[in-house]
Amino acid sequence: MASIAEPWIQELKKLSEAITNEFGALSIDTLLKKNSEKDWSIAQIFSHIITVNESYYPLFDQIQKGKYVYSMLGNFGFIRKYFGRIILKSVQPSNPKKQKTLPLWQPKENVDATSIIPDIKNHLNSLASKIEDLQPLIKRNVTVASPANERIVYDLQTALDIIVAHAWRHYEQAKKMK
């Protein structure tokens, strides 16, 4: 029987393969190229994905240790569903609307383009392992808060949907940069 975490793990594996196929042979110059000064390079896009995903790691660790405390708003299912639905919709690859990135999640200005493809692949593999370790908590569907704002709460399963959809959204963005 497949684990409850399997859908997210499989999506991360597919994304890792897609990144290798699409970007693995690109030159350093192409990975660092920006269409304009305000745009991100492909390397920065992948750095951003890593930064966003890793901002969830302390929450995951606290939840696993039983030390995580979320906002009182998390006690209300309709609030969790509301925030979860809005954020998940905003990060879908099919949503063309640009989003303003919070300072917390800005990519590094100087990304090492020589290692960014292996870095993102290693990161996605590490994230898949973390998700596997979260299985008991996924089954309980615990509440988490956004790493950016403790008042924005949603279910853990929705958080994982957000993480995966966000990564795919930026993969699509990076494809347009080639």
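Residues numbered from 1 in each chain as written. Predicted model: local features only at pLDDT ≥ 70, side-chain atom pairs only at ≥ 80, totals over all residues. Heavy atoms only, no water.

Chemist: I would appreciate a short explanation of the pairing of strand β1 (residues 143-146) in the present structure.
Modeler: The two faces of the sheet receive side chains in turn, since in a regular strand these alternate between them. Here four bridges tie β1 to strand β2 (residues 149-155), and the two strands are oriented antiparallel to one another. Looking at the pairing, Thr143 lines up with Asp155 of β2. (Pairing = 2+ DSSP bridges. Helix = DSSP H or I, 4+ residues; strand = E, 2+ residues; numbered from the N terminus.)

Chemist: Looking at this structure, how should I read the layout of surface pockets?
Modeler: By rolling a water-sized probe across the atoms, one finds the places where empty space is left. Estimates place the volume of the largest pocket at around 1200 Å³. The wall of the largest pocket is formed by 41 residues, among which Gln99, Lys100, Thr101, Arg169 and His170 lie closest to the centre. Elements supplying a minimum of two residues to the lining of the largest pocket: α3 (42-55), α5 (77-90), β2 and α8 (156-175). Ranked by residues supplied to the lining of the largest pocket, first place goes to α8 with seven residues. Residue classes in the lining of the largest pocket are distributed as 16 nonpolar, 14 polar and 11 charged. (1 Å grid on protein atoms, 1.4 Å probe; cavity = no way out; pocket = protein on both sides within 12 Å on 5 of 7 lines; lining within 4 Å. Points joined across faces, edges and corners; volume = space filled by probe spheres on them. Nonpolar A, V, L, I, M, F, W, Y, C, P; charged D, E, K, R; others polar.)

Chemist: How should the environment of Leu32 be read in this particular structure?
Modeler: With respect to the helices and strands, Leu32 occurs in helix α2 (residues 28-32). Measuring from C-alpha to C-alpha, the distance between Leu32 and Asn110 comes to 9.1 Å, with 78 residues separating the pair along the chain. Ignoring sequence-local partners within four residues, the contact set of Leu32 consists of Ser41, Ala43, Val111 and Ala113. (Contact = heavy atoms within 4.5 Å.)

Chemist: Would you mind going over the pattern of salt bridges with me for this structure?
Modeler: According to the stated counting rule, one finds seven salt bridges in the structure shown. A salt bridge links Lys14 to Glu11; the nearest nitrogen and oxygen atoms lie 2.8 Å apart. Placement of both Lys14 and Glu11 in helix α1 (residues 6-23) is noted, with a separation of three residues, approximately one turn of the helix. The class for Lys14 is partly exposed, based on a relative accessible area of 45%. Residue classification places Glu11 among the partly exposed residues on the basis of a relative accessible area of 24%. Residues Lys98 and Asp39 are paired through a salt bridge, measuring 3.8 Å at the closest nitrogen-oxygen approach. Remark: Asp39 occurs in the loop between α2 and α3 and Lys98 occurs in the loop between α5 and α6 (116-133); sequence separation between them is 59 residues. (Salt bridge = Lys/Arg side-chain N within 4 Å of Asp/Glu carboxyl O. Buried < 20%, exposed > 50% of the residue type's maximum accessible area, 1.4 Å probe, protein only.)

Chemist: How do you make sense of the packing of aromatic side chains when you look at a structure like this?
Modeler: Aromatic ring pairs are defined here through the distance separating the ring centres and the angle between the ring planes. Applying the stated rule across the entire model yields seven aromatic pairs. Aromatic side chains Phe23 and Phe46 sit 5.2 Å apart centroid to centroid with 80 degrees between the ring planes, which places their arrangement in the edge-to-face category. Of this pair, Phe23 sits in helix α1 while Phe46 sits in helix α3, and the two are 23 residues apart along the sequence. Judged on exposure class, the residue Phe23 and its partner Phe46 are both buried. Each residue in the set Phe23, Phe46, Trp168 and Tyr171 is aromatic and connected to the rest through ring pairs, giving one cluster. (Phe/Tyr/Trp six-rings, centres within 6.5 Å; stacked < 30°, edge-to-face > 60°.)

Chemist: Hey, could you run me through the side chain of Arg169 in this one?
Modeler: Tracing the sequence through the fold places Arg169 in helix α8. Glu172 provides the closest opposite charge to the buried, salt-bridge-free Arg169, at an N-O distance of 11 Å. Here the side chain of Arg169 touches Ser90 through a polar contact of 3.2 Å, landing on its backbone oxygen. Contacts of Arg169, omitting those with residues within four sequence positions, involve Ser90, Val91, Gln92, Pro93, Asn95, Lys97, Lys98 and Gln99. (Lys, Arg positive; Asp, Glu negative; His and termini not counted. Polar contact = N/O pair within 3.5 Å; in protein donor to acceptor, adjacent residues only side chain to side chain.)

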